[in-house]
Structures are given as C-alpha cells and as structure tokens.
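Notes for the structure review
So you can see what is in the structure, the chains are spelled out below.
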Amino acid sequence: MKILNPGFLFLFFYLLGFLGDSPVDAAVKKYQFDVQMKNVSRLCNAKPIVTVNGMFPGPTVYAREGDRVIINVTNHVKYNLSIHWHGLKQYRNGWADGPAYITQCPMQTGQSYVYDFNVTGQRGTLWWHAHILWLRATVYGAIVILPQPGKPYPFPQPYQETNIVLGEWWNGDVETAVNQANQLGAPPPMSDAHTINGKPGPFFPCSEKHTFVVEVEAGKTYLLRIINAALNDELFFGIAGHDMTVVEIDAVYTKPFTTKFILIGPGQTTNVLVKTDRSPNRYFMAAGPFMDAPVSVDNKTATAILQYKGIPNTVIPILPKLPSPNDTSFALDYNGKLRSLNTPNFPALVPLKVDRRLFYTIGLGINACPTCVNGTNLAASINNITFIMPKIALLKAHYFNLPGVFRTDFPDRPPKAFNYTGVPLTANLGTSTGTRLSRVKFNTTIELVLQDTNLLTVESHPFHLHGYNFFVVGTGVGNFDPKTDPAKFNLIDPPERNTVGVPTGGWAAIRFRADNPGVWFMHCHLEVHTMRMATATYPPPPPYYRLYKDYSENPSSAPEPPPPIEGTYVCFGGNYTTEDVLPSLEEQGVPQLYPKDSNVDYKKELRSLNRELQLHILELADVLVERPSQYAKRIGDISSIFKNLHHLLNSLRPHQARATLIHIMELQIQQRKQAVEDIKRGDRNLTKVKRDVAWWMEAAPPRIIYPEKPSTTPVLETILEERETEEDDQEHDEEDL
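None of these values were measured; they are calculated from a predicted model.

**What about the state of the cysteines?**
Evaluated as defined, the whole model comprises two disulfides. A disulfide bridge connects Cys-369 with Cys-372, and the sulfur atoms are separated by 2.0 Å. Note on the Cys-369 and Cys-372 pair: the S-S dihedral is about 65 degrees, so by sign convention the disulfide is right-handed.

**Section: the pairing of strand S4 (residues 61-64)**
Judged by which residues are buried, S4 turns out to be covered on both faces: Val-61 and Ala-63 on one side and Tyr-62 and Arg-64 on the other are all buried. Summarising the sheet, S4 and strand S9 (residues 140-146) pair through four bridges and their orientation is parallel. Across the sheet, residue Ala-63 finds its bridge partner in S9, namely Ile-145.

**Quick look at the nonpolar core**
For soluble globular proteins, the rule of thumb is that nonpolar side chains tend to be buried together. Counting residues in each nonpolar core, the largest one holds 58 residues, and the members touching the most others are Phe-33, Ile-71, Val-73, Trp-85, Tyr-115, Phe-117 and Trp-128. If near-sequence neighbours (up to four positions away) are discounted, Phe-117 is found in contact with Asp-67, Arg-68, Val-69, Ile-71, Trp-85, Leu-88, Gln-90, Asn-93 and Ala-96.

**Quick notes on helix H1 (residues 174-184)**
Of all the residues in H1, the buried ones are Val-174, Glu-175, Ala-177, Val-178 and Ala-181. Seen end-on, H1 carries its buried residues on one side only, within an arc spanning 160 degrees. Packed against the buried residues of H1 are strand S3 (45-52). N-cap assignment for H1: the residue whose side-chain oxygen lies 3.4 Å from the backbone N of Glu-175 is Asp-173. Taken from the residues just after H1, Gly-185 is the one with a positive phi, measuring 85 degrees.

**Observations regarding the pairing of strand S21 (residues 356-368)**
Judged from the seven bridges that link them, S21 and strand S25 (residues 445-452) form a sheet pairing that is parallel. Residue pairing across strands places Leu-358 opposite Leu-448, the latter belonging to S25. Sheet topology places S21 next to strand S22 (residues 376-382); seven bridges connect them, and they run antiparallel. Across the sheet, residue Leu-364 finds its bridge partner in S22, namely Ala-380.

**A short note on a nonpolar patch on the surface**
On the surface, a cluster of nonpolar side chains totalling about 240 Å² of accessible area is made up of Phe-418, Val-423 and Leu-425. With respect to the helices and strands, Phe-418 occurs in the loop between helix H3 (394-399) and strand S24 (432-434).

Quick notes on the rules
- Residues numbered from 1 in each chain as written.
- Predicted model: local features only at pLDDT ≥ 70, side-chain atom pairs only at ≥ 80, totals over all residues.
- Heavy atoms only, no water.
- Disulfide = S-S within 2.5 Å.
- Buried < 20%, exposed > 50% of the residue type's maximum accessible area, 1.4 Å probe, protein only.
- Helix = DSSP H or I, 4+ residues; strand = E, 2+ residues; numbered from the N terminus.
- Pairing = 2+ DSSP bridges.
- Core = buried A, V, L, I, M, F, W, Y, C linked by side-chain atoms within 4.5 Å.
- Contact = heavy atoms within 4.5 Å.
- Arc of directions from axis to C-beta.
- Polar contact = N/O pair within 3.5 Å; in protein donor to acceptor, adjacent residues only side chain to side chain.
- Patch = residues over 30% accessible without salt bridge, like charges linked within 9 Å, V, L, I, M, F, W, Y side chains within 5 Å.
- Areas by Shrake-Rupley, 256 points an atom, 1.4 Å probe, with all protein chains shown as cover.
- Salt bridge = Lys/Arg side-chain N within 4 Å of Asp/Glu carboxyl O.

That is the geometry; function is a separate question.
Okay, here's the thing in structure tokens:
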C-alpha cells in the first residue's frame, strides 16, 4: 500500500516524536508531543490551528500489548490543555487518563505533563485527543497497539494496513464560535466539512490537493483502522465497489462479518479487512453523517481515494452510495451484527450476576442564564442533573479528602418516571445542577441502562466510560421495560466496547465489573452535549488500594497509587491562581527568609532541607508506633522545615509552584495527626499506620515539569523521593530540582 499523501505516516516505527526503539523489540516507548499552532488551509480558508508536532491529524502512537508508554506533552499554545488516551484502561492509573478537571489540572502555556502508562491486556486500534474545550477538533491522533510477538491476529494476516481518521473542519476559529454560542445560550454552529485524515476531498472548494489517496496492489488484503474523531456526528463509511469485513471494534476482536458500509459513532474505532479483488481502478472512500432525529447536522460527505497501482491520476474515481442520513434500519441492523469473538484466547467475560442496577435518562433542558443574550441556555443532563465542572480536579479532591468539591449522591434512577420517548416535552425543562458522583463499591458488577428521552427532542448519544470496557448486552427502541427486555439480553457474546451508541428514542444496556478503582468520567461523546455537561463520574475507590508491593494474589487488598505532585489543587485558568489556595507569606505578615535578590544557593538549600525533612519523616513513622510521647516535638520539627521550604519556594517566584508542595505535605501531616487520634481511640491498626507512612516515603509520583518563565531558576518537582544512600542523593539531585 502506497500512501500518496506525504503527510501520512503508515506503519513506520521511527515516527516524528517517537524517541524509543522499534516496537518489535522495545518494552518502553517514549514520545514527545509539542502542542503548537500551525497555519493550515482548507476549503479556500487559511487559519492557525492547534496541533501536536505541527501535524494534522497528530502523530500515531505505536506500542505492543504489555509495553510501557511515556509521553511528555508540552503546551506551547495559549489554551489550557490536557490529553486523553481514549480507550486505554489505565488500570489503577487514573492520573494518566487526561480529562481536565477530572483527573488532572490542565497544562497552562509553557507547562509539560508526563503521561506514563502500561498497555495491559489490550491490542488493536484506539486514539488520543485533547480533553478540554473543543480543542479536539484538531488535536487528535491514532493509537495502534500491536499483538505481542508470536501472537497472530485471529483473522487472516493483512498484507498492509493504514489508519483512516474521520473528523470535522470549521472554517472559523472553533473556540471563538463556542464562546459566542455560550454568550447567546445556543449551540455552536455545525462544521463546514467532514474530513478523512484531515482532508475533505475533491467535492469541496480548493480541495483537490487536500484529498487523501492510498495506492494498493490488486489481489491483496488490507487492514483499515478506522477512527471517528468527529466532535458531533455519527458517520457512515464505505468504499465504492468493495466489501469490508469487520474484525474489531474499540480494540476488541469481533466475530467477522461482511458489510458494504459501517456505522461509527464519535469516539469509536472499527478495524476492517478489505480485499482488493475488483477491477483495477480508482475508488472513492466516503464518510457521511447519520442522523435520524430532527436535529441539524453537517450533511456533507468527505472522500478519499483507493487507487490501484498503475492507474493514472486522471481517471475519475467511482463514488459509493452511502445509506441515507436517516437510515435507522441500517443502523440498527449493523449494530445488531456486532458480536465479541468469545474464544478461549479472547473470552467474553460478561458479568452474569448483577450486584447493582442503574437507570440513567439522557436529555436536554433549558436553564435560566442571566449572562446569556437569550436569557436561557441549553443544558444536557443525566437523570435531570447537569454536571458542573469543578475548579479542583476530582481525583485529587477524592485522594486528599478535600471537602466541598463534590457529592457522592448521584441518583441511581431519575427523580420521576414518565413516558421517556413519547411526545416531545417542551415545558418545565429546567435541570438540577451540581458536581455529583456515583460511588461504586470495588469489584461489584454493574448493569447500567442508558435511556434516551424526548425532552425537546430524541437523539442518539455515544456514551464513553473512561477506565473501562463494558459489554453491550442489549439495545432497543422506545422505553426500556425492566420486566421483559432483560430476557432478550445477549449474555454469551455481546460486543465489548468503551463507547456505546444509545439509539435515537431508545435505550442501551451495558454491564461491567468495577475492578479499576479511581474517579472515572462517563459522558456523551457529542462535544455539544459534553459542553452542556451531560456527564457523570464514577467510581471513587475503596479507602485503600495503593499499589506499592506485589498484591497479585489478593489484588482487592492492594492500597491505592500515589498522586502526582502538581502545581496546585485549584486548577489554573481564568481568575484562579495559587493564592486562591494559600495566601502568600507577605499577606500573612511573615518576612522573606530569602530575599528576592539574595545570593542563596537554592540547590544546596533544597538538598539540605530535603534530607532533613526525610530524616524527620522516617523518625515520625517510628514515633507514631513506638514513641508517641515524642510526637509533638517531631511535628514541630517538621512544621519548621515546612516553613523554610515555603519561604524558599516563595523566593523562587514561579507562579504555580509557590505553595502547593507545602500544602500537600501539610495535608499529609494532618492525615497522620488524625491517624494518631484514631490510635488513641483504638480505631486504627498500628502496623497499618506505619505502612501508610512508609508508603509516603516510597511513593514515586509522575513527574510534573513547570515552565522556566517567569523565573529561570529550576523548580522543585518533588521532595518525597526516598534515597537509600548518599550516592543515590548525588545521582538524583539534578532530577529533583
């Protein structure tokens, strides 16, 4: 397969941004993602767009099942940013999941974040994208996970393969359009074109050169990895004159079946085999919208070209006839053919016993908006609750037990039952608002029914659950009937996915086991709905699951992973700064210990304070258990060190790093104080307390890299790394500063 577009990279392991060895023999893959602006022209319009490494779409991440992937993302643009690795389970590693304000604060301009994760038990096609604002309109790319060496595909080995990434294009600035829509209280405008690998195809003005072309040889079998990165549209995809065999969805193998077209929702991936067994010619590949509800949609068709080797470019390609945009029958029939492979090597571990049943209604509403031009704004909701994005990342708030950030009373059912898919309801459409989470007990089995509603209008909703795959055990049109519909569930080989399409005016039932503790985002992957906060977040983990020793024999007893030490609890952006968390020393009337113009050797001072602090903490671990009478003195010594560190960091003056580390450690000391009180009351096991303090010293949080400006003085990244010897101290000092 020859790619005639020079910007497309196909199955090359030495990629732009790839810093490791070949995926064939490397266990650690390292990438550098530089988020930067680039001028791009489409549809006779040129504009700067946000890209990764100047590529649109961005670079493909290649790995093998079992690999460790380390991606350093540096933000060079004016927008706050985070990256989500869509479909990767991030087992006990929520800090690397990426949704802004859920698992992390977004990166500000000049900051970097290291996403460090293992690819465990997954192989196939996934993708990555920005997870804040509407930046994923241009910030997205493929993830290709190859099987482990010696483990072939469970289908005929393809001759070659290529990525087909479907997207949308706006002629104007997307964020400006979204902001204007928010001011009006109305939805943003539709896109101006769909794209295939960033190119709309020759049916759009000024687009003949913006057409993706693949050259193939006759008589071969090719694997197409198809990703729907569109923000708001479900899409049909087909190739003129060629059948496709579906072999995988959302990085899970399926029972193969042949089809003329596929339907793929935003966030979903589909792998198909294509045999080049037709008369040599040029054939259009086409992507067009599916919308069977009275909702406006970009109804334009994007095209690319499948060109047999030896056929000249002057030959006019043959165009496929996609299903009608409102072809509900095809959509239901296609989704009904999807089945898990369910073989001994790739079993479908469907939960047969359900511990907890949830019923979520999905709908639109209208809320008062005094600042909007219209006086109201549209609001998406689940169980009539519109999610309010917090100022503090939810995973941090949960981990550090910060009060007042969220509630864990998200209802299992809507407040009132009604005819969900009957006549349109247009009155009393106000929704409740809040940051409310559903707490799920570890290792329980969940059945969740997602029910569309006719509040304003019915509509299809692609729902994505972070941190998990799930089994789609049933779908239907109309209202879900808990008495009769479960009898129709497929509990043998249902499709396993991470994103499910809830049919228009219908329902979808999913099952999964809550065995991945964390705070996980669940939301509609239509960006127009996510911006209206049709979201839920769950499940927070059990109290202890820190993974710092081998708990393979009893994983449910493993304590939770350490947090990253980041700039602050309050996420930056808007008017929120470090001073919103802790007042400056000057405001507290405390003089500067290290004047701004002093000649203090900051490295030496930090080394000294770091060693002294670790000594006291180790002694504190012993004091808590062996010598409680010395507790007050030890706490006093540590508090004194905190004050000196606070002075020092305040003198360094990088805005985001002033007080946060001290704040984190103060919280840790508060937790230890509470542990001592529990011991006095007999509520805590002494060994457990000592283990917790030992974990504090052993934790190795992800590295957070702060910008050098406005200060060029290196900033302390973490002061909680354990050093066993003086030689280790010298070796790691440069990394810690």
